[in-house]
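Chain by chain, the residues run as shown.
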There are 2 protein chains.
Amino acid sequence: MRDVAVIGTGLTAFGKFPSATLKTLAAEAITHALEDADVAVPDVQAVFAANAIGGLITGQEMVRGQVVLRGLGFDGISIVNVENACAGGATALHLAWLAVASGQYDLVLAYGVEKMTHPDKRTIAKAIATALDVDEPVNADAKSPFMESYAERVRGYMADTGTTEDDLARVAIKAQRNGAQNPHAQYGSKELEVQDVLESTMVAAPLRLLMCSPISDGAGALVLASHDALQRLGSLVPVWIKASVVRSGSQAPPHGIARAARDAYAMAGIGPSDLDVVELHDANAASEIMRYEALGLAPEGAGHSLVRDGVTELAGALPVNPSGGLLARGHPVGATGCAQVVELVTQLRGRAADRQVPDATVALAENGGGHVKGDIASDAVHVLTR
Amino acid sequence: MRDVAVIGTGLTAFGKFPSATLKTLAAEAITHALEDADVAVPDVQAVFAANAIGGLITGQEMVRGQVVLRGLGFDGISIVNVENACAGGATALHLAWLAVASGQYDLVLAYGVEKMTHPDKRTIAKAIATALDVDEPVNADAKSPFMESYAERVRGYMADTGTTEDDLARVAIKAQRNGAQNPHAQYGSKELEVQDVLESTMVAAPLRLLMCSPISDGAGALVLASHDALQRLGSLVPVWIKASVVRSGSQAPPHGIARAARDAYAMAGIGPSDLDVVELHDANAASEIMRYEALGLAPEGAGHSLVRDGVTELAGALPVNPSGGLLARGHPVGATGCAQVVELVTQLRGRAADRQVPDATVALAENGGGHVKGDIASDAVHVLTR
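Just so you know, these numbers come straight off a predicted model, no measurement behind them. (Residues numbered from 1 in each chain as written. Chains lettered and ligands numbered in written order. Predicted model: local features only at pLDDT ≥ 70, side-chain atom pairs only at ≥ 80, totals over all residues. Heavy atoms only, no water.)

### Looking at unusual backbone geometry
Residues and elements named next belong to chain B.
In step 1: A cis amide bond links Ala205 to the next residue, Pro206, at an omega of 10°.
In step 2: Looking at the secondary structure, you find Pro206 in the loop between strand E5 (202-204) and strand E6 (207-208).
In step 3: Omega for the bond connecting Pro253 with Pro254 falls within 30 degrees of zero, at -5°, which places this linkage in the cis form.
In step 4: Take Pro254: it is sitting in the loop between strand E8 (239-247) and helix H10 (256-268).
In step 5: One non-glycine residue with positive phi stands out, namely Ala85, at about 55°.
In step 6: Mapped onto the elements, Ala85 comes out in the loop between strand E3 (78-83) and helix H4 (88-101).
In step 7: Its relative accessible area of 1% is what places Ala85 among the buried residues.
In step 8: Of note, Asn321 is a non-glycine position whose phi angle comes to about 60°, a positive value. (Helix = DSSP H or I, 4+ residues; strand = E, 2+ residues; numbered from the N terminus. Buried < 20%, exposed > 50% of the residue type's maximum accessible area, 1.4 Å probe, protein only.)

Rendered as structure tokens:
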């Protein structure tokens, strides 16, 4: 397996853009990523394209990548469409990493794009709920059948661990505060207080609107290169992928996220204490706290202590989701995994401006998607270093 | 890059099975493939799952592989969903090959599954037409908007090369004759004559019903192993993957199929004259003749000569589509690429019974999908040897 570097990143603003399409969003992110890497379309040998719900939202069920890429002049190369629910973006990155690490290709693009806004809100909710087994019953009257699928677990977790609604609110406040310093973020506020979060609309008890990731349109793109290509291109400031792992959920421990993290730490030869900055999949505020434990950042049952002690604040010992995370940056589902890595590469390059984590050297991204049989459908963990 | 072998294959019967589901079809093919390889579910380290139109046909837009695989006991491993229109099956195989060749995994499963039958024929036609750019207009009243997308090109090709409707009919007759000897085939007849084909319903002139691949349900699965795993398992009769290439179409020659073939021949270190048996993507009868040229089996413009001279008949010098091909075995779109390789592995192992190609040693599979900007959206070529 060869060393693989990220040499360029591109990201659209995330938000509700009714007139944007899969094509316009992907084109913007890809163009920025190529410019950032200082490479041209013909330099790219293979593309891994992630999208989750474009079939139901836009009607483009097949060849979603090809219709975007051929329009941009990509011609005669390998194009593969990938889907892994909300973990699709990181799965595309994983395959791109594999394609370069294997020796098969030297310069590869991974991108994720999602168009979620749609005139009919029920179509959006129905599309998102296909990250569950559609043969199993869901509460079709729920505001969000997918958040419903989280809520019962969250209630059990809170009862078991003493995690409070205030803890969840503090996660939401951190996300909004970080989002306010990220020009690509959908939301951001430096003013939010616990009471504001606890008074926002209930989505699926105990999860309130400000504790849930929003509906978003957006795209992220990453250019990957081998060591050989890097030397040929003379690229500056590469960021290295030290581990790339995709795992489905598991009935037996370690469960999905913890399993992916365990295998990624082993591949990278590091442990949680080596991390300087983390982007994790805060699909809701409780997800973030539960993931502190799954990723080994806190002992089991003690995730809330990181919130209470401010450890994961931007100024804390281990900043988590400096981008604002899914809650504030937004969550265009197939794009999120790429957006997380865009943020971490920006941090590792020291280009994160007001939200820069000082001396960030080792970073971890965790991107999860879907639920099947009581655990996550797919989880991807990447470890990056400069 | 390490050597990679196919050590097990599984295939359902192809046909119209209204009560079958993605789950039942995939389960049958996967179970057979694991049995054939003499491995168990926990031996499999990663799965690449192909499906094309399940989102629109069944509603399961996301995590299509996970809902199948978790039900079969696959737990905590890497699962990736792949889509490349009708080339999805071979694309899943390509990624599985990459995963083993890279050194990342030793035992990997690739499968393709498609459920195409649906109570509403317009839903089927609409789903298939998403292998085109849905932003571009199609003739919604056409019997098959997708076959319409072939027809104009076929008319031009016939005018340029002197290929006749009789030639197309002969391809259809060969397919039916081979299909009659394949127990998994959807159709088969030893009795068909040119006139029968030319009197079948017109779908998109000059393509008639017997010249077009049918609507099919089905699944195919392949177990891949590294040399190390092979020695550990003591598996018999491995078939080696000598080349695995996926290419999108191209505005400049060589176009998609020819480009994929050129790169696959180079990777395998062989040429067309080394082939003993071929499975190619006869989505319609003219596609087969045009592919003879793109794959270098006949000079440009002379594809029809192979039909007229009987070269590609089962008893000919280079049998093509001994399985019956898409026309007779059937074409459950995301499954076809796997089914082609199942047939070739069966041939190379000498287990093809009445349709066995004598002494088959070197085989090629070509699987194409979709149309974008006047060329194929994606084409995959694999070269196999025993």
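### Thoughts on the relation of the copies chain B and chain A
In step 1: For the pair chain B and chain A, the superposition axis carries a translation of 0.0 Å, the fit reaches an RMSD of 0.0 Å, and the rotation angle comes to 180°. Viewed as a symmetry operation, the transformation between the two copies matches a two-fold axis. When each C-alpha of chain B is compared by its distance to the rotation axis, Ser102 of chain B comes out closest, at 2.1 Å.
In step 2: Both copies contact each other with a shared surface, as 100% of the interface residues of chain B are interface residues in chain A too. (Least-squares fit on C-alpha atoms with pLDDT ≥ 70 in both. Contact = heavy atoms within 4.5 Å.)

### Details of the interface of chain B and chain A
In step 1: Residue-level contacts link 63 residues of chain B with 63 residues of chain A.
In step 2: In total, about 4900 Å² of surface goes out of reach between chain B and chain A, with carbon and sulfur atoms giving 52% of it.
In step 3: The three residues of chain B that bury the most area against chain A are Glu61, Met62 and Arg70 of chain B, which together make up 16% of that side's buried surface.
In step 4: On the surface where chain B and chain A come into contact, there are 6 salt bridges.
In step 5: Residue Asp135 of chain A is joined to Lys23 of chain B by a salt bridge in which the shortest nitrogen-to-oxygen separation is 2.8 Å.
In step 6: For the pair chain B and chain A, the number of links is 46 residue pairs in polar contact (both at pLDDT 80 or more).
In step 7: Elements with a contribution of two residues or more to the side of chain B that touches chain A: helix H2 (54-58), helix H3 (64-71), E3, H4, helix H5 (121-128), E8, H10 and strand E11 (375-385) of chain B.
In step 8: With 6 residues, E3 of chain B is the largest single contributor of residues to the side of chain B that touches chain A.
In step 9: For the side of chain B that touches chain A, a count of residues per class yields 29 nonpolar, 22 polar and 12 charged. (Buried area = accessible area lost by both parts, 1.4 Å probe. Salt bridge = Lys/Arg side-chain N within 4 Å of Asp/Glu carboxyl O. Polar contact = N/O pair within 3.5 Å; in protein donor to acceptor, adjacent residues only side chain to side chain. Nonpolar A, V, L, I, M, F, W, Y, C, P; charged D, E, K, R; others polar.)

### Considering the environment of Val245 of chain A
Residue and element names in this part refer to chain A.
In step 1: For Val245, the position within the fold is in strand E8 (residues 239-247).
In step 2: By relative accessible area, Val245 is classed as buried at 1%.
In step 3: Separated by 105 residues in the primary sequence, Val245 and Gly350 place their C-alpha atoms 25 Å from one another.
In step 4: Excluding anything up to four places from it in sequence, Val245 contacts His94, Ala260, Asp263, Ala264, Met267, Asp379, Ala380 and Val381.

### Some remarks on a negative patch on the surface
In step 1: Taken together, the side chains of Glu191, Glu193, Asp196 and Glu199 of chain A define an acidic patch exposed on the protein surface.
In step 2: In this structure, Glu191 of chain A sits in the loop between helix H7 (165-179) and helix H8 (194-198). (Patch = residues over 30% accessible without salt bridge, like charges linked within 9 Å, V, L, I, M, F, W, Y side chains within 5 Å. Areas by Shrake-Rupley, 256 points an atom, 1.4 Å probe, with all protein chains shown as cover. Lys, Arg positive; Asp, Glu negative; His and termini not counted. Charge placed at Lys NZ, Arg CZ, Asp CG, Glu CD.)

### Quick look at helix H11 (residues 285-294) of chain B
All names here are of chain B.
In step 1: Taken across its 10 residues, H11 has 8 buried, putting it largely inside the fold.
In step 2: Inspection of H11 places Ala285, Ala286, Ser287, Glu288, Ile289, Arg291, Tyr292 and Glu293 among the buried residues, and these make up the whole buried set.
In step 3: Measuring from the side-chain oxygen of the N-cap residue of H11 to the backbone nitrogen of Ala286 gives 3.0 Å; that N-cap residue is Asn284.
In step 4: Directly beyond the C-terminal end of H11, a positive phi value near 80° is found at Gly296.

### Description of the packing of aromatic side chains
Residues and elements named next belong to chain A.
In step 1: On inspection of all chains with the given rule, the structure shows 2 aromatic pairs over all chains.
In step 2: Measuring from ring centre to ring centre gives 5.3 Å for Phe146 and Tyr150, while their planes differ by 85°; the resulting arrangement is edge-to-face. In this pair, Phe146 and Tyr150 both sit in helix H6 (residues 145-161), 4 residues apart, roughly one turn of the helix. Take Phe146 and Tyr150: they sit in the same class, and that class is buried. (Phe/Tyr/Trp six-rings, centres within 6.5 Å; stacked < 30°, edge-to-face > 60°.)

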